[in-house]
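Structure at a glance
For reference, the chains in residue letters:
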Amino acid sequence: MQTQDGWWMKSYSLSKIFSHIHFMLWHTLALAFRGLSVYRWNNFPRLEQVSANDHIAFSLHIAILLASIIEEEKGVRYDRDYIFRKVFFSSFSTFVHSDMSSEVKDQIKQKNPEIYAELENIVYEMLQSWNLPDWMKIDMQEIHDEQKWQCVHTKENDLIAFSKLWASYYEAYFSNEVYLDVYRPAMNIIEKKMQQSRFDIFREYLDINPEQQNDLERFLLSMRRLQSSYRWNSMRRRYPISVMSHLFITSFFAYIIGNIEGKDKQEITHMMMIALFHDIPEAITGDIVAPTKKAIEGFEPLLVIVEKELVDKYLLGYIRKYRFSIEYEHLMLDPWNQIDGKLVKLADNFSALFEAKLEASVDAEFDKVYKNLKKFLHSSPYQSVDYLFKFGIDYFEDNLEDVIHLKKA
């Protein structure tokens, strides 16, 4: 075990490696957490409260599922590293500008595409002006250049666009079941967009006929329940965080930790995959807390058996005909024993730490959770822990409005 004094000495010795100018990395994380408070369909009556982060994580799951199927059946390869980074970094515009409706965006693009492009560009220029690590700036630049010139990743961009439309359709559909025909005009627009020829390959597998769902749609809609499953469910919270949103935040932490630890793109992509899948079984089992698991001798191993059976019945059973279902099973049911699984568990713990920090200032119970997690993480041997504590905790509470400057470069 490492003492706190030992940690500070180690952190000081790393100062030659980690320049202090990288502290603004944590404003990108604060922006990502901001997505928890940006609600979709905010000018509509709503059956569900779907946050921007819920939408991002679910869209990623749709994209990864379609990529897996098309690769297996048609031999068309998709760049998962690009998919993750494109979804991450394109979301920062939403975190800064809030969630403009898709119809407003379409009208702006149609009437003045230059203004829309500039609206997107000023967020990119703001982020590039921050004191961020070079690897993050380079990744952002690649996504920005690709978005501007449509160079290499056309099929990945089409896949992401389709996945967001499919996620949006079901957000509208379920609320429209209660608020009859309020969402119908928006659903008609989404349906029309999805009929574009560039989406033909994806509609072979996922369509939008809720009355006749296929197994892939059942798989995704079962997983979608995580948008209604909340973290820290037995504790009072100011900022409710769904398990689906937690998957997005953990994936972003995995991306950061992987880069700090010097992992290559393939390794980081695998880490992000683990992060995206690690809590999926909770869609079926719920979140059973550790004290309950350990309350009776023999209960925890019994839960492992029950969890596997239920996940197979209500999730994996829908995709068993595909070879990649074995990979999904390992990612869902045994995430921490995967290659670099321990680093992803670190990402999971840091996500929990920052979730607790959001509540700690007004709730003594969360303050205790936060302090215990902090002590636990101090004992971790990874250099990314030193980096995150040195440049993360204090800066996380900075007022973002003092940092965000949307001036033309």
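Now for a description of the structure that goes with this document. (Residues numbered from 1 in each chain as written. Predicted model: local features only at pLDDT ≥ 70, side-chain atom pairs only at ≥ 80, totals over all residues. Heavy atoms only, no water.)

1. Points about the overall build of the chain
A count of helical and extended segments in the chain gives 22 helices and zero strands. The proportion of buried residues among the 409 residues of the chain is 52%. Once local pairs closer than 6 in sequence are excluded, the contacts in the chain between residues at least 24 apart make up 75%. Of the accessible surface of the chain, which amounts to about 19200 Å², a share of 52% is contributed by carbon and sulfur atoms. (Helix = DSSP H or I, 4+ residues; strand = E, 2+ residues; numbered from the N terminus. Buried < 20%, exposed > 50% of the residue type's maximum accessible area, 1.4 Å probe, protein only. Contact = heavy atoms within 4.5 Å. Areas by Shrake-Rupley, 256 points an atom, 1.4 Å probe, with all protein chains shown as cover.)

2. Description of the pattern of salt bridges
All told, the structure shown has 23 salt bridges when counted by the stated rule. The salt bridge involving lysine 155 is made with glutamate 156; its shortest N-O contact spans 3.5 Å. Taking the relative accessible area as the measure of exposure, lysine 155 reaches 34% and is therefore partly exposed. You can call glutamate 156 buried: its relative accessible area is 2%. (Salt bridge = Lys/Arg side-chain N within 4 Å of Asp/Glu carboxyl O.)

3. What about unusual backbone geometry?
Positive phi, normally seen in glycine, also occurs at tryptophan 41, with a value near 55°. When you line up the elements, tryptophan 41 lands in the loop between α2 (25-34) and α3 (52-74). Unlike most non-glycine residues, aspartate 181 shows phi in positive territory, near 70°. Inspection of the secondary structure puts aspartate 181 in the loop between α9 (154-176) and α10 (184-194). Taking the relative accessible area as the measure of exposure, aspartate 181 reaches 55% and is therefore exposed.

4. A closer look at the packing of aromatic side chains
On inspection of all chains with the given rule, the structure shows 33 aromatic pairs. Between phenylalanine 350 and phenylalanine 389 the ring centres are 5.6 Å apart and the planes differ by 55°, which places this aromatic pair in the tilted class. Taken as a pair, phenylalanine 350 in helix α19 (residues 341-360) and phenylalanine 389 in helix α21 (residues 383-391) lie far apart in primary sequence, 39 residues in all. The burial state of phenylalanine 350 is the same as that of phenylalanine 389; both residues are buried. Among the aromatic side chains, those forming a connected cluster through ring pairs are Phe84, Phe88, Phe89, Phe92, Phe95, Trp135, Phe248, Phe252 and Tyr255. Sitting over the face of the ring of tyrosine 78, lysine 155 holds its NZ or CZ atom 5.8 Å from the ring centroid. (Phe/Tyr/Trp six-rings, centres within 6.5 Å; stacked < 30°, edge-to-face > 60°. Lys NZ or Arg CZ within 6 Å of the ring centre and 35° of its normal.)

5. Concerning the environment of tyrosine 179
Topologically, tyrosine 179 is positioned in the loop between α9 and α10. Sequence separation of tyrosine 179 and proline 45 is 134 residues, and the distance between their C-alpha atoms is 7.3 Å. In contact with tyrosine 179, other than residues within four places in its own chain, are Pro45, Arg46 and Leu47.

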